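Listed below are the residues making up each chain.
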Amino acid sequence: LKPFSQARRSFLSSRVCVPNIIIARLYCRRVLPRGTMTPAPATTATTAPTPIEAWYMTETVTDQTAENRCVPNEPADSQALFDLGVLQFHVPVVDKYPQKAVPWEPSGIQDPALKKIRESRGYNYADIITCSEECLPDYSNKLKAFFQEHIHSDEEVRYILGGSGYFDVRDRNDRWIRIRLHAGDLIVLPEGIYHRFTMDEKNFTHAMRLFKGVPVWTAINRPADDHQSRQKFITNFSSLEEEQRLRTDIADCLRSFYTFGWCLGSSGAMSAKVGGAEDAPMLVTPSGVPKEKLSPDDLFLISASGEQLKIPTNEKVTKVSDSADIFEALYKRFPKVRAVSHIHSVNAVLAAGQEEGNILRVRDIEMIKGLGIPGDQVLEIPIVENQPTEPMLVAPILEALDKLPNAPAILVRNHGVYVWGSSLDKAKIATECLKRPRTACSGAKVVLLDVEGTTTPITFVKDKLFPYAAAAVGNWVKTAKKPDVAAVVAAYEAQCKQDGRSFAGADDVEAVTKEWIAADRKVGALKELQGRLWRAGYESGELKGAMYDDTPKAMERWVLDGRRVAIFSSGSREAQELIYRYSDKGDLTDYLSAYFDPASAQAPKQQASAYVQIALSLGIAPRDGHFCTDVLGEAQAAKEAGWEATLLLRPGNAPLPENHGFRTATSLLDVAL
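Chains are numbered independently. Their residues run from 1 in the order of the written sequence. With pLDDT at 70 or above as the cut-off, local features in this predicted model cover only qualifying residues; side-chain atom pairs require 80 or more to be listed or tallied, and sums for whole chains, interfaces and linings still use all residues. The side-chain values count all of the structure's non-hydrogen atoms but skip hydrogen atoms and water molecules.

Draft legend 1. Seen up close, the overall build of the protein chain. Numbering of helices and strands starts at the N terminus; helices are DSSP runs of H or I of at least 4 residues and strands are runs of E of at least 2. A count of helical and extended segments in the protein chain gives 18 helices and 25 strands. When each of the 673 residues of the protein chain is scored for burial, the buried share is 57%. A separation threshold of at least 6 residues defines the contact pool for the protein chain, and within that pool the share at least 24 residues apart is 73%. Each accessible area value is a Shrake-Rupley result obtained with a 1.4 Å probe; residue values ignore everything except the protein chains displayed when judging cover. Per element, the accessible surface of the protein chain, about 28,000 Å² overall, is 49% carbon and sulfur. When a residue's accessible area, from a 1.4 Å probe over protein chains only, is under 20% of the maximum for its type it is buried; when over 50% it is exposed; and in between it is partly exposed. Contact definition: two residues touch when any of their heavy atoms are within 4.5 Å.

This is the structure in structure tokens:
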């Protein structure tokens, strides 16, 4: 299925059905039920479809079949249709359909794309009609009837098999938007939207009508403002300003949670109700999108009955979060709840894992007030066992909440935590207050770790990673995608110019890389390329990040104590993440809140300003940070910035001068915080 660049944002979750003869084959690549994968493109499509066109109409219409554009023309962009819930798709017509079939069954005609749409949306009824002067008795009067403004009590779905025509829909200011449809176009109009249909000057439309259940084609003519379907449309789509604000706030909130290490990878999710009605729709984050890259437009809008009212325009976003069923269940269980967050805080996971029972009790912590519990009382959070899929968690979560109906959150053992509130802000505050489920830590709030010689044997980088990159670079230049090679060439060219040496483009990348590796250059261009090369090695299993035995144990201890753990290395942030994700002690990234390199710290590791910037990024005072390294100059720079520092004495590390003035440790477990 190929969504139009404009139409793919529009989505109508209800059926606007024009009596008996319409032609809109509408489908949006992403109007799929929760958890369903996007259908594959139709293999028979050989040419790209013409984008669906829409424009605002003139107030006065003398010929309904004419374009009736304003002068000058006022195009209606994809956002205008998206805001109304109109969904548009293109499904190339792959076979010759009958002129009329009521109902129609797909015997003999196999269209996998159409089949997937019908199955995913629940369209179990279809018929085919032809609208023309030759095929339709009393054609002129029928055409006038179709043009009568009306609503329907279901979605109106039309798939155009041949010919063309117009659908008109009312916008939020009651202006008409005309949508032109051709063969292969499929449109879904939401239940309760004011609309109408007409032929164009060609007077021919061959269309399939799709429906859920027994078809009801009754048009409810305007005025119908008090009709329940119209009220449902208003509930779902009228709170546009609030919806836009919540989209932005959710994206901002999850980016903040990412910096705390609660939503690493693509984990974590959030939802908020739009509007004050109990049956108001909910915004839900997508699955598979890194939360630090989440855009407000990446969120789904889902009705109280589970229909996807608005879908993301980002082609990489194809699936709503698996937490959506849990969000929906919590909203039904707690009518006053308007927002829910789901995070993978290591603190929460470890706390739930250490509790033998099914309730975590927290006392004597001031921050439980943020969850609505007086500081002198006990916070009780139910714990449920993890399940293979998140929808399978709904039943045990509701069962646990029956026993603790006033709980402000629920822990899922070995998984994460769900936290809710009466507004998005309150859900955010409650989530932040729950980040330390046991006790507040004393001493350093953040432990900042060097890599080589601190968490990892210094020999690993020089004896394993550097040789691997030197050996792999030549083949990478030959086989990598052209834009990737071009980016590396540009970075190398800039560095060589700064060094005052010549550079012969892509042909020179291998030689320069080996030269810089041999000289242990700490330049960004080399670090970025090494990150690319190492990723391939880690993902193939050729590389495993070597860790000291005490590294994961110390990280776990610090996180349990309520501290954050971050990394600061001369290697790129991507290279840092890889070494801990693919370590020989397992995936350690859940313990880590942030990664810093000289570029993100805005200074080299032996300059104090780097540590000032890191403290600012982490939201702490420098005195609340503790840096562990094996390099004296780095420890001195951190101390100058106000940090505490410990020097690690590991096998193979460079010897330290006497009277250097810093505490030392042979293991991270011995670092005094």
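Still more ground to cover, so stick around.
Draft legend 2. View of the packing of aromatic side chains. Here a pair means two rings of Phe, Tyr or Trp (six-membered ring of Trp) with centres within 6.5 Å. Their orientation is stacked below 30 degrees between planes, edge-to-face above 60, and tilted elsewhere. Applying the stated criterion to the full structure yields 18 aromatic pairs. An angle of 65° between the planes, with centres 5.5 Å apart, marks the rings of F211 and W217 as edge-to-face. A residue is classified by how much of its surface remains accessible, and F211, at 3% relative accessible area, is buried. Here the aromatic cluster, defined as three or more aromatic residues joined through ring pairs, consists of F568, Y611, F627 and W643. Should the NZ of a Lys or the CZ of an Arg lie within 6 Å of a ring centre and within 35 degrees of the ring normal, that charge is described as sitting over the ring. Positioned above the aromatic ring of W217, the side-chain terminus of R209 is 4.1 Å from the ring centre.

Draft legend 3. Highlighting empty space enclosed by the protein. Cavities and pockets are defined on a 1 Å grid built over the protein atoms alone: a cavity is a set of grid points where a 1.4 Å probe fits but cannot escape, while a pocket is an open set with protein on both sides within 12 Å along at least five of seven lines, and lining residues are those with an atom within 4 Å of any such point. Grid points are joined across faces, edges and corners, and a volume is the space filled by probe spheres set on the points. Per the counting criterion, the structure on display carries seven cavities of 30 Å³ or more. Its boundaries defined by the atoms lining it, the largest cavity holds a volume of some 140 Å³. Lining the largest cavity we find 14 residues, and of these V461, L465, W534, S569 and G571 sit closest to its centre.

Draft legend 4. Region of the structure containing the nonpolar core. I177, I179, M208 and W420 are the most contacted members of the largest nonpolar core, which totals 111 residues. If we ignore the near neighbours within four places in the chain, the residues touching I177 are A54, W55, Y56, A76, A80, L81, L84, F167, D168, V169 and D171. The criterion is simple. A nonpolar core is a set of buried Ala, Val, Leu, Ile, Met, Phe, Trp, Tyr and Cys residues joined through side-chain atoms within 4.5 Å. Counting 53 residues, the second-largest nonpolar core is a separate cluster that includes F466, Y492, A554 and L592.

Draft legend 5. Representation of the pattern of salt bridges within the structure. Any carboxyl oxygen of Asp or Glu within 4 Å of a side-chain nitrogen of Lys or Arg constitutes a salt bridge here. One pass over the structure, following the stated rule, counts 45 salt bridges. Salt-bridge contacts for R69 lead to E67; the nearest nitrogen and oxygen are separated by 2.7 Å. The class of R69 is partly exposed, set by a relative accessible area of 21%. Residue E67 is classed as partly exposed on the basis of its relative accessible area of 30%. Measuring nitrogen to oxygen at the nearest pair gives 3.4 Å for the salt bridge that ties E241 to R172. Residue E241 is found in helix α5 (residues 240-259), and its partner R172 is found in the loop between β5 (156-170) and β6 (176-182); the two are separated by 69 residues along the sequence. A residue is classified by how much of its surface remains accessible, and R172, at 42% relative accessible area, is partly exposed. When salt bridges with common partners are traced through the structure, they connect E53, E67, R69 and R180 into a single cluster.

Draft legend 6. Inspection of the environment of T218 at higher detail. Within the secondary structure, T218 is located in the loop between β9 (204-211) and β10 (220-221). Separated by 65 residues in sequence, T218 and S153 place their C-alpha atoms 8.3 Å apart.

Draft legend 7. Representation of the packing of helix α12 (residues 509-518) against helix α13 (residues 524-540) in the model. Only the stretch in contact is used when fitting a helix axis, every axis being a line fitted to C-alpha atoms; angles between N-to-C directions are given from 0 to 180 degrees. With their axes 11 Å apart at the nearest point, α12 and α13 run at an angle of 105° to one another. Our classification of the angle between α12 and α13 gives roughly perpendicular. Residue-level contacts link V509, T513, W516 and I517 of α12 to A525, L526, L529 and Q530 of α13. An angle below 35 degrees is read as roughly parallel, one above 145 as roughly antiparallel, one from 65 to 115 as roughly perpendicular, and any other as oblique.

Draft legend 8. Seen up close, the pairing of strand β23 (residues 625-629). With respect to burial, β23 is a largely interior element, five of its five residues being buried. Pairing between strands is defined by DSSP: at least two bridges between the two strands are required. Where strand β20 (residues 446-449) and β23 come together, four bridges link them in parallel fashion. Bridge assignment links V446 to a residue of β23, and that residue is G625. Bridging between β23 and strand β24 (residues 644-648) involves four bridges; their strand directions are parallel. If you follow H626 over to β24, its bridge partner there is E644. Note that the unit made of β23, helix α18 (residues 632-640) and β24 has a crossover that is right-handed. For crossovers, right-handed means that the path from the first strand over the helix to the second runs clockwise, given strands pointing away from the viewer.

Draft legend 9. Seen up close, the sheet that holds strand β22 (residues 592-596). Taken together, the six strands give an open sheet; going across it, the order is β22-β21-β20-β23-β24-β25, and neighbouring strands pair in parallel fashion. Looking at the sheet topology across the chains shown, the edges are occupied by β22 and β25 (663-665). Neighbour-to-neighbour, the strand axes of this sheet turn through a mean angle of 25°, independent of strand direction. In this structure, β24 lies alongside β25, joined through three bridges in parallel fashion. Counted as the bridge partner of L647 is T664 from β25.

Draft legend 10. Highlighting the sheet that holds strand β16 (residues 359-362). Spatially, β14-β13-β12-β11-β15-β19-β18-β17-β16 is the arrangement adopted by the nine strands of the open sheet, whose pairing is mixed. Each edge of the open sheet is held by one strand with a lone partner, namely β14 (308-310) and β16. Across the sheet, the mean angle from the axis of one strand to that of its neighbour is 25°, orientation sign disregarded. Where strand β11 (residues 269-273) lies against strand β15 (residues 339-343), four bridges are found, and the strand directions are antiparallel. Residue A272 lies in a different strand from β15, and its bridge partner there is A339.

Draft legend 11. Spatial organisation of the packing of helix α10 (residues 458-479) against α12. Across the interface, α10 lies against α12 with an axial gap of 9 Å and an inter-helix angle of 170°. The angle between α10 and α12 falls in the class roughly antiparallel. In this structure, α10 contributes F466, A469, A470, V473, G474 and V477 to the contact, and α12 contributes V509, E510, T513, K514 and I517. Gly is placed with the polar residues, together with every amino acid not listed as nonpolar (Ala, Val, Leu, Ile, Met, Phe, Trp, Tyr, Cys and Pro) or charged (Asp, Glu, Lys and Arg). For the contact of α10 with α12, the class distribution of residues is seven nonpolar, two polar and two charged.

Draft legend 12. Quick peek at the state of the cysteines. When the sulfur atoms of two cysteines come within 2.5 Å, that pair is taken as a disulfide. On inspection of all chains with the given rule, the structure shows zero disulfides. Between C135, a free cysteine, and C131, which holds the nearest cysteine sulfur, the sulfur-to-sulfur gap is 8.7 Å.

Draft legend 13. Expanded view of the environment of S345. Position of S345 among the secondary structure elements: in the loop between β15 and α7 (346-354). Judged by relative accessible area, which is 2%, S345 ranks as buried. On a C-alpha basis, the gap between S345 and G416 in space is 6.2 Å, while along the polypeptide they are 71 residues apart.

Draft legend 14. Main features of helix α8 (residues 394-403). Buried within α8 we find V394, I397, A400 and L401. The buried residues of α8 occupy an angular sector of 135° when projected down its axis, which confines them to one face. Structural note: α8 exposes A395, D402 and K403 on the side pointing more than 90 degrees away from its buried face. The directions from the helix axis to the C-beta atoms are what the arc is built from.

Draft legend 15. Local environment of the confidence of the model for the protein chain. Every residue is assigned a pLDDT by the predictor, reflecting its confidence on a scale from 0 to 100. Scored by pLDDT, the protein chain comes out at a mean of 85, with 88% of its residues at no less than 70. Scored below 50 in pLDDT, residues 1-49 shows 255 contacts in the model against residues more than four places distant or in partner chains. Here residues 436-440 scores under 50 on pLDDT; set against residues more than four positions off or in separate chains, the count is 18 contacts.

Draft legend 16. Examining the side chain of Q495 more closely. Here Q495 shows up in helix α11 (residues 482-499). Residues contacting Q495, with those up to four places away along its chain left out, are W516, R521, V523 and A525.

Draft legend 17. How the structure looks around helix α2 (residues 112-121). Looking only at α2, the buried set comprises A113, L114, I117, R118, S120 and R121. Residues of α2 that are buried make contact with β3 (125-132), β5, β7 (185-189), β9 and β14. In the segment just after α2, G122 is the residue with positive phi, at about 80°.

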